[in-house]
Amino acid sequence: MDFVSLLHSQRVWDLPELPHFDPATAPSTPLPLFHTWFAAAVAAGQTEPHVMSLATVGEDGFPDVRVLMLHGADERGWHFASHSTSRKGAQLAARPHAALGFYWPAQARQIRVRGTVTAAPSAESQADLHARSTGALAAAMTGRMSEVLGSQEELMEASAAAWQRAQVEPDAPVPTWTLYVLQPTEVEFFQGDTRRQHVRLRYRLTDEGSWASELLWP
């Protein structure tokens with residue numbers, strides 16, 4: 001089968017029933033709805049519901065996107081982490097604006113978040129790192145994210161040394177590890193519909209600091 005035929009043979013939301021979402025019942029702010037939808041995605045068996053896309057803008061003005069994990073979502077915003085010296089870290093330092101995208105096909109739902117990004121204090125960033133697994137600490141210790149890699153053997157050697165240190169020093173600091181908080185100015189909730197009558201509810205932060213909501217055409 002050629003690529004186009006294979007592509008066109010794919011289907012989305014092959015589910016016996018899609019969830020019903022009545023925007024009239026939505027809360028006045030986006031965070032409680034995000035928590036509710038996240039819990040529903042977990043209950044529906046969604047694979048890796050905590051994985052999201054992060055979009056930033058490079059110094060050339062072009063967008064950049066990658067997939068990473070959500071580390072939290074509270075009144076301050078949506079949390080994620082990386083090295084400040086990584087490509088995304090440099091982009092956020094120069095242009096502290098970003099967008100997040102969640103896609104949960106188990107319920108035909110997606111969520112988009114846009115806003116300004118700030119770096120959490122060092123102590124909070126280190127606490128975030130040390131709350132994770134030994135493997136995560138070891139990966140952070142290699143510390144050369146986004147740099148050119150000479151060979152796979154070089155990575156294997158650095159990784160082995162980092163694993164050994166992480167096991168011996170589970171509280172070892174990694175100064176470049178940074179917890180970022182995206183403070184939202186816009187959050188959109190999308191509920192898919194098999195008849196393409198999708199529900200799109202967008203929250204916008206007003207100049208007064210309150211949230212306004214509105215429906216969007218699909």
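See the structure shown above.
Predicted, not measured: the structure shown is a model, and the values here were computed from it.

**Focus on the overall build of the protein chain**
Regarding its fold elements, the protein chain presents 6 helices and 9 strands. Judged by the C-alpha coordinates and their principal axes, the protein chain covers about 55 × 55 × 40 Å. Out of the 218 residues belonging to the protein chain, those deemed buried represent 35%. For the protein chain, the accessible area works out to roughly 12900 Å², and carbon and sulfur atoms hold 55% of it. One way to put it: in the protein chain the 17 positive side-chain charges average out to a point 5 Å from where the 24 negative ones average out.

**Some words on helix α4 (residues 122–130)**
Among the residues of α4, Ser125, Gln126, Asp128 and Leu129 are the ones counted as buried. One side of α4 carries all its buried residues, which in axial view fall inside an arc of 155°.

**Remarks on the pairing of strand β9 (residues 211–216)**
Relative to β9, strand β8 (residues 199–205) is paired through 6 bridges, and the arrangement is antiparallel. The partner of Leu201 across the bridge, within β9, is Leu215. The turn linking β8 back onto β9 is made up of 5 residues, and Gly209 within it adopts a positive phi angle of 90°.

**Some thoughts on the pattern of salt bridges**
One pass over the structure, following the stated rule, counts 12 salt bridges. Salt-bridge contacts for Arg165 lead to Glu169; the nearest nitrogen and oxygen are separated by 3.3 Å. Judged by relative accessible area, Glu169 falls into the partly exposed class, the value being 37%. It is possible to trace a salt-bridge network through shared partners that takes in Asp64, Arg66 and Arg87.

**A few points about the side chain of Glu186**
Secondary-structure assignment places Glu186 in strand β7 (residues 177–191). Excluding its chain neighbours within four sequence positions, the residues that come into contact with Glu186 are Arg112, Val113, Arg114, Arg202, Tyr203, Arg204 and Trp211.

**Some points on the packing of aromatic side chains**
In total, this model carries 12 aromatic pairs according to the counting rule given. With a centroid separation of 5.9 Å and 75° between ring planes, the pair formed by Phe38 and Trp104 is classed as edge-to-face. With Phe38 in helix α2 (residues 30–43) and Trp104 in strand β5 (residues 97–104), this residue pair connects regions lying 66 residues apart in the sequence. Joined through ring pairs, the aromatic side chains of Phe21, Trp37, Phe189, Tyr203 and Trp211 make up one cluster.

**Points about the nonpolar core**
Judged by nonpolar contacts, the single largest core of 28 residues is most densely connected at Phe34, Trp78, Phe80, Phe102 and Ile111. Broken down by secondary-structure element, the contributors of at least two residues to this core are α2, β1 (51–57), β4 (77–83), β5, β6 (109–119), β7 and β8. Judged by nonpolar contacts, the second largest core, of 13 residues, contains Ala81, Leu129, Ala140 and Met141.

**Thoughts on the environment of Arg76**
Secondary-structure assignment places Arg76 in the loop between β3 (72–74) and β4. For Arg76 and Pro16, which are 60 residues apart along the polypeptide, the C-alpha to C-alpha distance reads 37 Å. Within the structure, the side chain of Arg76 is placed 2.6 Å from the side chain of Glu124, a separation counted as a polar contact.

**Looking at a nonpolar patch on the surface**
On the surface, Phe3, Val4 and Leu7 cluster together to form a nonpolar patch covering roughly 320 Å² of accessible area. Within the secondary structure, Val4 is located in helix α1 (residues 3–8).

Calculation criteria
Residues numbered from 1 in each chain as written. Predicted model: local features only at pLDDT ≥ 70, side-chain atom pairs only at ≥ 80, totals over all residues. Heavy atoms only, no water. Helix = DSSP H or I, 4+ residues; strand = E, 2+ residues; numbered from the N terminus. Buried < 20%, exposed > 50% of the residue type's maximum accessible area, 1.4 Å probe, protein only. Areas by Shrake-Rupley, 256 points an atom, 1.4 Å probe, with all protein chains shown as cover. Lys, Arg positive; Asp, Glu negative; His and termini not counted. Charge placed at Lys NZ, Arg CZ, Asp CG, Glu CD. Arc of directions from axis to C-beta. Pairing = 2+ DSSP bridges. Salt bridge = Lys/Arg side-chain N within 4 Å of Asp/Glu carboxyl O. Contact = heavy atoms within 4.5 Å. Phe/Tyr/Trp six-rings, centres within 6.5 Å; stacked < 30°, edge-to-face > 60°. Core = buried A, V, L, I, M, F, W, Y, C linked by side-chain atoms within 4.5 Å. Polar contact = N/O pair within 3.5 Å; in protein donor to acceptor, adjacent residues only side chain to side chain. Patch = residues over 30% accessible without salt bridge, like charges linked within 9 Å, V, L, I, M, F, W, Y side chains within 5 Å.

So yeah, pure geometry; function would need other evidence.
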